[in-house]
Each structure stands twice: as C-alpha cells, then as structure tokens.
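Structural overview
As a plain string of letters, each chain reads:
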Amino acid sequence: MTLSNKGIAAVMQSLRKAHIVTDRDKVFEKQLSRKFKLGDDGELTHEPVRVTAGTETSGIAFIEGSGGGKTTAILEVLRNFAPLEHNPETNAPRYLHVKVESPATLRSLGVDVLKKLGLDTVADRARVYEIWDMVRHRLKKAGVTLLWIDEAHDMFKSASGAETENMFKMLKGLMQGECPVVLVLSGTERLSKITSIDPQVNRRFTKIRPAPMAFGVDNARIKGLIQGYSNKAGLQVAIDDDAINRLIYGSRYRFGRCVVCIIEAIECALYDGATTLEVKHFEDAWGAREGCSIDQNVFTASDWMAIELEDQGEEISAMPVVKKKIKRKKAA
C-alpha cells in the first residue's frame, strides 16, 4: 500500500526518533558511573568522586570523527542517567549541555554557558575571569554537577598560544574548588591532540574512542539495522554484502552517518511507492546528500573504493589492510 506524504512523514519521524544502543553508549555509561559517589544505600548519587586527595574531580573525553554518533550517544545516556536526570529543587537536570560555537574564545564560551544557566546578558566590561567566576557560581546554584562541552575541539584555535593556555586553566578550574563538576568533552581527533599537550589536563580525562566500522566485522549488524528500520517502514529488503560494504565506505566508516543513509534510503523507497528497499534507493539517498555525479556515487561505481570522499578523515586513511580484504564485484 502506497503511503501518503503525511504517512511517510510520520514513518520518518518515528525512524529518526529511534535510538540504537551501541557499544559507545555502554562504554560511556560505564565510565560516567565511575565519576559519581555511591550513597549509603549503594546507589549512585549526583556527587562527583574526588581524586588527588579529594581536591578535584575527573572527566571524560569522548573522541570520534564527525558523524560517528557520539553526541547522540552522550545525550541518550545522560537523559537516562538517574543521578543527574532531575534536580527537585530546580526541576531541571543536574547536567548542562553546551555546544561550542566556532570560532570560540574563552569569553564567548563563558557567555554561552551563562546563557544556558539563565543569564542572558553579560556586561561588556566584565572581565574573562569574572565571567568564569559567575559560571562556577551559577553551576553551584543550579545544582549542576556535570558540564558537557560538545564540539570541544573548537575551543582551541591552535595548539599553542595564550588563549589555549587559558582554556586549559579554565578546564582545570572547573574541576577544582569548593563545588567542582565532572567535565565531559566531546569532539574530533583534534581534541585529543590538543588536550594531550597539557599533561595536567590530559591525566584528568578518561578517553573513549569508538572503533570505526570495518568490512566483515560490522556487516551483520548493519544488515540487521537495515532490516529493523525497513520492518518499521513496512518494506522488504533486497540488500547484499556488497551494498553494505559500499554503505560502510560511503559513511566514512562512521556509524552515525551509516544510520542517516539507511533512513534516507528508506525515505526514497517510500516516496517511490516501492515495497522493497533496494540498492538504487541508497544510490539516490547518498547521491542527493553528497551532490555527486553518478560515476562518483559509491553505490553505482565499479571501483567505488577509488572514489575520494570529502571529510573522509583519518578513519579511511588508516585502514589499508581492511581494504585489501574486500571482494569487489566485476563490472557488468
């Protein structure tokens, strides 16, 4: 039965709302649990564990390429993390999510955090250290014990300089003092390279680096994902391992991008009035998002691994051994 546009929109909304729990969710939740104290009843509290003779907290650095799915994973875990999901005194969560707007300065980041904490206007004459004093005061007043800075690599314009040094000092300051917070930083590999410059900052963070998808290793999981989404959309599936390998490559080996492509291929199938999800729907979805010609589409080209992808990052360039294991279809 062909769905109306309204029916297709409802299906797509349902698919996009669905969250797939992955190893990244489980690893993050495990590390998050270790950052908070146990109460007398053995249950986790919102009070951070203090290390270094009780003088400071520790944090988590979640490092993954763009489109990997880290932001979604962190958001879902925090939303369902009982010690932080609700503060009865403020009727708000005990965590705060701030996304870095590029280009960022220490001042602009502090102002953004204050806006999230309900202070919309900061005097132009306010000095940077005064802004961050206000941040710490407001975090304490709001009962926030975890601050998540998303796209954290954009806090650093370069790997050196006074601004970067001051950013390091700010990070350390948030994790020290009378009411320190657990700090979560999420960003690309550049975040790891920059924070590792300062040993004092680097040692304070547990690192999470989800492995990129790999041919053969993830095929069954991706096939199951395609089948599950297609079942929700009322579609049959006609996708083989060759198409899944192309999907993994076209997604830059990143899970989040893979999910987006699957959902958009299903959307193409529904608008075509198809009853079966086929490779041509992935071709249409991927081609539309990439804006590429047909000979540069990974779902149509015979030598698809020779196609150079924008924003392919370090995941692809670091996988020459895996590439050799792929059995490509011969050109028709």
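Anything mentioned here points back to the structure above.
Below or above, wherever it landed, is the structure these notes cover. In this text the structure is predicted, and so the values were computed from the model without any measurement.

What counts, and where the lines are drawn
- Residues numbered from 1 in each chain as written.
- Predicted model: local features only at pLDDT ≥ 70, side-chain atom pairs only at ≥ 80, totals over all residues.
- Heavy atoms only, no water.
- Helix = DSSP H or I, 4+ residues; strand = E, 2+ residues; numbered from the N terminus.
- Buried < 20%, exposed > 50% of the residue type's maximum accessible area, 1.4 Å probe, protein only.
- Contact = heavy atoms within 4.5 Å.
- Core = buried A, V, L, I, M, F, W, Y, C linked by side-chain atoms within 4.5 Å.
- Expected span 1.5 Å × (residues − 1).
- Arc of directions from axis to C-beta.
- Axes fitted to C-alpha atoms, helices over the stretch in contact; angles between N-to-C directions.
- Parallel < 35°, antiparallel > 145°, perpendicular 65-115°, else oblique.
- Left-handed = near helix turned anticlockwise from the far one by under 90°.
- Phe/Tyr/Trp six-rings, centres within 6.5 Å; stacked < 30°, edge-to-face > 60°.
- Pairing = 2+ DSSP bridges.
- Salt bridge = Lys/Arg side-chain N within 4 Å of Asp/Glu carboxyl O.

1. Quick notes on the environment of I8
By the secondary structure assignment, I8 is in helix α1 (residues 5-17). Since its relative accessible area comes to 1%, I8 is described here as buried. Note: C-alpha distance between I8 and T22 (14 residues apart in sequence) is 27 Å. Residue contacts for I8: discarding those within four places in its chain leaves L3, L270 and Y271.

2. Let's talk about the nonpolar core
Among the nonpolar cores identified, the biggest contains 40 residues, and I226, L247, I262, I266 and F282 are the most heavily contacted of them. Those elements that provide at least two residues to this core are α1, α10 (219-233), α11 (241-250), α12 (255-271) and α13 (279-290). Considering every element that reaches this core, the biggest residue donor is α12, with 10 residues. Excluding anything up to four places from it in sequence, I226 contacts V237, I239, I244, L247, I262, L277 and F282.

3. Details of α10
If you check α10, its first and last C-alpha atoms are 21 Å apart, about what 15 residues at 1.5 Å a residue would give, namely 21 Å. Residues N219, I222, L225, I226, Y229, S230 and A233 constitute the buried set of α10. Looking straight down α10, one finds that the buried residues subtend no more than 125 degrees of arc, so they occupy a single side. In this structure, α10 carries A220, N231 and K232 as exposed residues pointing more than 90 degrees from its buried face. Summarising the contacts, the buried residues of α10 are in contact with α1, β8 (236-237), α11, α12, β9 (276-277) and α13. Immediately downstream of α10, the backbone of G234 shows phi near 75 degrees, a positive value.

4. Focus: the packing of helix α6 (residues 128-142) against helix α7 (residues 162-174)
In contact at an axis separation of 11 Å, α6 and α7 are set at 25 degrees when each is read in the N-to-C sense. What the angle tells us is that α6 and α7 run roughly parallel. Read as a crossing pair, α6 and α7 show a hand that is right-handed. Along the contact surface, α6 presents W132, V135, R136 and L139, while α7 presents M170, G173 and L174.

5. Observations concerning the packing of aromatic side chains
According to the stated counting rule, one finds 8 aromatic pairs in the structure shown. A ring pair is formed by Y249 and W304, whose centres lie 5.8 Å apart and whose planes are at 65 degrees; its orientation type is edge-to-face. Of this pair, Y249 sits in helix α11 while W304 sits in the loop between α13 and α14 (313-317), placing them 55 residues apart in sequence. No difference in accessibility class separates Y249 from W304, as the two residues are buried. Plain terms: the ring middles of F282 and F299 are 5.6 Å apart, the flat faces sit at 35 degrees to each other, and that makes the pair tilted. With a gap of 17 residues between them, F282 in helix α13 and F299 in the loop between α13 and α14 connect regions that are remote in the sequence. As far as burial versus exposure is concerned, F282 and F299 are alike and both buried. An aromatic cluster of three or more residues is present, and its members are F215, Y249, Y253 and W304.

6. Quick notes on the pairing of strand β6 (residues 182-187)
Burial runs high along β6: 6 of the 6 residues are buried. What you see with β6 is no split at all: V182, V184 and S186 on one side and L183, L185 and G187 on the other are buried throughout. In this sheet, β6 lies alongside strand β3 (residues 59-63) in parallel orientation, the contact comprising 4 bridges. Bridging from a neighbouring strand, F62 pairs with S186 of β6. Alignment of strand β5 (residues 146-150) against β6, held across 4 bridges, turns out to be parallel. Paired with L146 across the bridge in β6 is V182.

7. Here we look at the sheet that holds strand β7 (residues 205-208)
An order of β4-β5-β6-β3-β7 is seen for the 5 strands of this open sheet, with the pairing classed as parallel. Each of the sheet's edge strands pairs with one partner strand only, and the pair in question is β4 (95-99) and β7. Pairwise comparison of adjacent strand axes, ignoring direction, gives a mean angle of 15 degrees for this sheet.

8. Quick look at the pattern of salt bridges
Under the definition given, this model contains 14 salt bridges. We note a salt bridge from E290 to R252, for which the minimum N-O separation is 2.8 Å. You can see E290 sitting in helix α13 and its partner R252 sitting in the loop between α11 and α12, a full 38 residues away along the chain. Residue E290 is classed as partly exposed on the basis of its relative accessible area, which comes to 31%.

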